[in-house]
Amino acid sequence: MNDSAKVAVVTGAGQGIGKGIAMHLVGDGYRVVIADIDAEAAEEAAAQVGAAALPVIVDVADEGSVQALFQATISRFGRLDALVNNAAFAGAHLGPVEQLELSTWNRLIATNLTGVFLCSKHSAALLRASRGSIVNIASTRALQSEADTEAYSASKGGVVALTHALAMSLGPEVRVNCISPGWIAVEDWKKQSRRKEPQLRPEDHAQHPTGRVGKPGDIASLAAYLLSDSASFITGQNFVVDGGMTRKMIYLD
């Protein structure tokens, strides 16, 4: 193992987009902490990667758990160069706002938004020392909505705003950027017990101006670029990766 290699923590890296980002970074020479609340998923993903990965079980909504994550990172690798805040509850549709329980709202906000704050807070000193970078994963739902998605949309809108606030507070030593994915098919990036082929119709692809639904690699390649020295003049930005859907006018005939 290359002890001089850069080190990244990727939250929610056991499955889906987070796993795609973690594996891409390992391919770029990083050592990666696969941080996930799902032990089965984290350990399975780390086993796929090999010695360059460390699985750590973490609840990003719990401050003590987050502190333990970065302690484990330093204990194993001795440094931190990059943080990808990806962990989130994926369910956007939680029913009519009149029926949305406060406990459900609080739980989703705690993971999707407070988790980004806590991980950024407890990695800041380490990233300042390495002149590192943070990439937050938001969603196009920060910019547009369907009905009954208040908690998820609010959480992701908060991530976009937190991104530019952190960029001002942590710069110039640490750059902070955000990616807002659209429809990314992740069914075949789940842990083995839940993995399946995406069931995508021709019209699912055709409605995108790019002609297809997204893949984890579409997000991973941009995350890797934003973490790299090639992006050294980019901070505080939100990059929408959605096949053009947020730019598409849709009217009923």
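The model shown is predicted, which means the values in this text are computed figures rather than measured ones.

Explain the packing of helix α3 (residues 63-77) against helix α4 (residues 102-130) here, please?
To characterise two packed helices, one gives the angle between the axes of the helices and the distance between these axes. Running from amino to carboxyl end, α3 crosses α4 at an angle of 35°, the nearest separation of the two axes being 9 Å. Along this stretch, α3 crosses α4, giving a crossing that reads as right-handed. Note on element contacts: α4 touches α3 through L118, C119, K121, H122, S123 and L126, opposite E63, V66, Q67, F70 and I74. The class makeup of the residues in the contact of α3 with α4 is six nonpolar, three polar and two charged.

What exactly am I supposed to notice about the sheet that holds strand β6 (residues 175-181) here?
Strand order across the open sheet formed by seven strands is β3-β2-β1-β4-β5-β6-β7, with parallel pairing between neighbours. One side of each edge strand has no neighbouring strand; the edge strands of this open sheet are β3 (53-57) and β7 (238-241). Sheet twist, expressed as the mean angle between neighbouring strand axes with direction ignored, is 20°. Inspection of the sheet shows strand β5 (residues 133-137) paired to β6 by five bridges, in the parallel sense. Bridging from a neighbouring strand, I134 pairs with V176 of β6. Across the sheet, helix α5 (residues 150-170) touches β5, β6 and β7, and the angle it forms with β6 is around 165°.

Sorry, what's going on with the side chain of S155 here?
When you line up the elements, S155 lands in helix α5. Not counting the four nearest positions on each side in its chain, S155 is found in contact with L108, I109, N112 and L113.

Help me understand the environment of N136 in this model?
Its place among the elements puts N136 in strand β5. Overall, N136 belongs to the buried group, its relative accessible area being 0%. Between the C-alpha atoms of N136 and L200, which are 64 residues apart in sequence, the distance is 27 Å.

Is there a simple way to explain unusual backbone geometry in this structure?
It is generally the case that most residues other than glycine have a negative phi and that most peptide bonds are trans. That bond from G171 to P172 is cis: its omega, 5°, falls within 30 degrees of zero. Relative to the elements of secondary structure, P172 occurs in the loop between α5 and β6. Despite not being glycine, R131 shows a phi value in the positive range, around 55°. For R131, the position within the fold is in the loop between α4 and β5. Of note in this structure, D148 is not a glycine but carries a positive phi near 70°. Mapped onto the fold, D148 is located in the loop between β5 and α5. Residue class for D148 comes out partly exposed when judged on its relative accessible area of 29%.

Rules behind the numbers
Residues numbered from 1 in each chain as written. Predicted model: local features only at pLDDT ≥ 70, side-chain atom pairs only at ≥ 80, totals over all residues. Heavy atoms only, no water. Axes fitted to C-alpha atoms, helices over the stretch in contact; angles between N-to-C directions. Helix = DSSP H or I, 4+ residues; strand = E, 2+ residues; numbered from the N terminus. Left-handed = near helix turned anticlockwise from the far one by under 90°. Contact = heavy atoms within 4.5 Å. Nonpolar A, V, L, I, M, F, W, Y, C, P; charged D, E, K, R; others polar. Pairing = 2+ DSSP bridges. Buried < 20%, exposed > 50% of the residue type's maximum accessible area, 1.4 Å probe, protein only.

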